Amino acid sequence: MKTCKHLLLAVGLFFFFSISLSAQLLEAVDYTPAPGDSTVFNIELPALVSKTKFNATPAFYKHLFIFGDGNFLFGESQEKEGFKHLYGPPVSTQVQNYFARAYSTGVYSEPEEPPLMSAPPIAPPVSGSITNKTVVDSNRYLKILRNIQVRPGDPFVSVLSVKNPSDVPFNGQLFFLYNGQLRTVSKTEVTELPEFSDFKIRENMFHRPDVGSTTTFHYSKLGPVNTEYKGLLLAEIFNLAPGDEVHYFVDMEGNEAMMDMFDATVKAEMDFAVALGAFSDDNGYPVLTPENLQQELSDLGLSTFVGGLAQGILPDSVRLYAQNGDSTVTSSDLFSPQGGAPVILDYYTSTASLVKSHDPNFMIMEACACPAQSDRYQIFTTVQCENTGFGETNNIYMDVKLPVGVSADDVVVTPVKYHPFGGPADQISMIKLSDDSIRWELLNFGIEGTPLHGVGDPRTFANVQFHMYSSIEPALLDSIYACIRFDDLSNDPVCTVPVAVSLIDSDSGAGQVLQCSVGECADDPTPTAWPWWVWLLLILLAILIIIWLIRRN
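Just so it is clear, the model here is predicted, and its values are computed rather than measured.

Peer 1: What am I meant to see in the packing of aromatic side chains here?
Peer 2: Summed over the entire model, instances satisfying the criterion amount to 21 aromatic pairs. Judged by centre distance (6.5 Å) and plane angle (90°), the ring pair of Phe67 and Tyr87 falls under edge-to-face. With a gap of 20 residues between them, Phe67 in the loop between strand S4 (60–66) and strand S5 (72–77) and Tyr87 in the loop between strand S6 (80–85) and strand S7 (101–107) connect regions that are remote in the sequence. The buried category is assigned to Tyr87, whose relative accessible area is 4%. Aromatic rings pair up to connect Phe41, Phe65, Phe67, Phe83, Tyr87 and Tyr98 into one cluster.

The following block contains the structure:
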């Protein structure tokens, strides 16, 4: 960077939300840099109020920076931090200035409206070069990333990445499928799930007008696709060079009514999908849809719908991203693409969880009474952690402090299940630390970071699910938390928010993996006393034997 006397300081306060009276700003320092100089973005946000009592669980912000030149960055910080980005010359005469924005979300904090901030216009340098960000895996065209999990009412951004792995320039269409079916993950009460999730697209941004249209077409009448998804966004791509990669940013928000159905941390999930289509099958583009998704893609009927676009199927709306105003506008005229690209080259799905908070590490605890032992309760416990860093973590240590009334001997040492499962060298075991503390060790698991794959990607988190038992009613048990260390036991822990045990009524449906509704709790590690009627039968049997012996003699 240049010396302080050459720094040009521009401070802008934009999109001022009512989450706090404290100032919020995103400022660009040295925002007309010389070639090779990075622009520094200083971000300042209200101080977060932690919702836990643990020093090991500090509240912090998760950020998504969209730099306005087609690149982006995931980051984390406290309320004040600086982030760098290296700009290059504009890729098109349509780009006169770069507009940067930041989406920031509080983690382990009391729920607040996540702020969205924009920096002042940034004049592009006249020379220099920049390496475009790449996230798509090898032998694929597509990937979906999200900056946070889906908390209805909070905005989140789906990053749709497209790469051309072929040897010739690519022309085709990108299809983003959303409002997919909701799937139950856990149920603590009788409730009727809505059939489909309900999201709206607030804005869509695309900063590479040299290789794609900034116009997007939005559909809800999808023919056969309607059985799985209720929304589709179509974007047109042209002349994407071999090896080049571009990113679409879709700013979305979920209907808050979806969360009224659920009580615990994670209660439902849904899929988002993205597909890439070519106009014909004789253009040299390889088909890269994974084998395990080919049948799903065929059943979806996407090609049938896309093939009908040439017959004039009108979209619900046509939206245009205005590059030099950093805004999305809706067209006053409805018109269709000239034709569809029905030859699907790749199909990528991404599962999102519906959550009540954005905490990356959490616990869920559900209990029910063992049918044959009215004073014994089975507690199904989930501990989940997420790698929010850039590096891979191999070993995970989860320490659980048990409440009064539950001892380490009441925990089943064999997990019900765990994720990821089936690694070539992974090892999982439970260790008794003391009478009231246990540790789950997950060794050689290879958990990669959310900055690489986005939140919710199965490569970025680990969990273990197990049973424990108690003779105390769940409502009387203290809340429980877990403290998690990555890689080495000497590293500082991160603790989950304490959670209470939810009692499942056997008449209202089982929880996630509860066995209480089927006979006895067979895996209870603590043998329980026989019920009174068993003792009565034994006494009667003994009396009968004695009478029989007396009569015999």
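Peer 1: I'm lost on the pairing of strand S10 (residues 155–163) in this one. Help?
Peer 2: Successive residues of a regular strand alternate their side chains across the two faces of the sheet. Extensive coverage of S10 is indicated by the burial of eight of its nine residues. Pairing geometry for strand S9 (residues 142–146) and S10, over five bridges, is antiparallel. When the bridges of S10 are listed, Leu145 appears paired with Val159. In the sheet, S10 pairs with strand S16 (residues 245–254) via nine bridges, with the strands oriented antiparallel. When the sheet's bridge partners are listed, Ser161 is paired in S16 with His247.

Peer 1: What is the right way to read the pattern of salt bridges from this model?
Peer 2: Where charged atoms from two side chains of opposite charge come close, those side chains can pair. Across all of its chains, the model carries 18 salt bridges by this definition. In this structure, the salt-bridge partner of Arg202 is Asp251, at a minimum N-O distance of 2.8 Å. On the criterion of sequence distance, the pair formed by Arg202 in strand S13 (residues 199–206) and Asp251 in strand S16 is long-range, its members being 49 residues apart. What makes Arg202 partly exposed here is its relative accessible area of 28%. If you follow the salt bridges from partner to partner, you end up with Asp137, Lys143, Asp457 and Arg459 in one network.

Peer 1: Is there a simple way to explain the sheet that holds S7 in this structure?
Peer 2: The pairing of strands in a sheet happens through backbone hydrogen bonds and is either parallel or antiparallel. Ordered in space as S5-S4-S7-S8, the four strands form an open sheet in which the pairing is antiparallel. Looking at the sheet topology across the chains shown, the edges are occupied by S5 and strand S8 (116–118). Direction aside, neighbouring strands of the sheet carry axes that sit 20° apart on average. Note: S4 against S7, seven bridges, orientation antiparallel. The partner of Tyr61 across the bridge, within S7, is Gly106.

Peer 1: What is the right way to look at the state of the cysteines in this model?
Peer 2: Disulfide: a covalent bond connecting the sulfur atoms of a pair of cysteines. Under the definition given, this model contains one disulfide. Covalent S-S linkage joins Cys483 and Cys495, the inter-sulfur distance amounting to 1.9 Å. Sign of the S-S torsion, about 95° for the bond between Cys483 and Cys495, identifies this disulfide as right-handed. Of this pair, Cys483 sits in strand S28 (residues 482–486) while Cys495 is found in strand S29 (residues 494–495), placing the two residues 12 residues apart along the sequence. Its relative accessible area of 13% is what places Cys483 among the buried residues. Residue Cys495 is classed as buried on the basis of its relative accessible area of 3%.

The rules behind each value
Every chain begins its residue count from 1, and numbering advances along the sequence as written. Two thresholds apply to this predicted model, a pLDDT of at least 70 for residue-level local features and 80 or more for giving and counting side-chain atom pairs, whereas whole-chain, interface and lining totals are computed over all residues. Values reported for side chains reflect all heavy atoms of the structure, with hydrogen atoms and water molecules removed beforehand. When the centres of two rings from Phe, Tyr and Trp lie within 6.5 Å, Trp using its six-membered ring, the rings pair. Their planes under 30 degrees apart give stacked, over 60 give edge-to-face, and anything left gives tilted. Helix numbers and strand numbers start at the N terminus; a helix is a DSSP run of H or I with at least 4 residues, a strand a run of E with at least 2. Only protein chains enter the calculation, and the probe is 1.4 Å; a residue is then buried if its accessible area is under 20% of its type maximum, exposed if over 50%, and partly exposed in between. Note: two strands are recorded as paired if DSSP finds a minimum of 2 bridges between them. Take a side-chain nitrogen of Lys or Arg and a carboxyl oxygen of Asp or Glu: if they are within 4 Å of each other, that pair is a salt bridge. Lines fitted to the C-alpha atoms define the axes, with helices restricted to the stretch that makes contact. Angles between their N-to-C directions range from 0 to 180 degrees. Cysteine sulfur atoms are paired as a disulfide whenever they come within 2.5 Å of each other.

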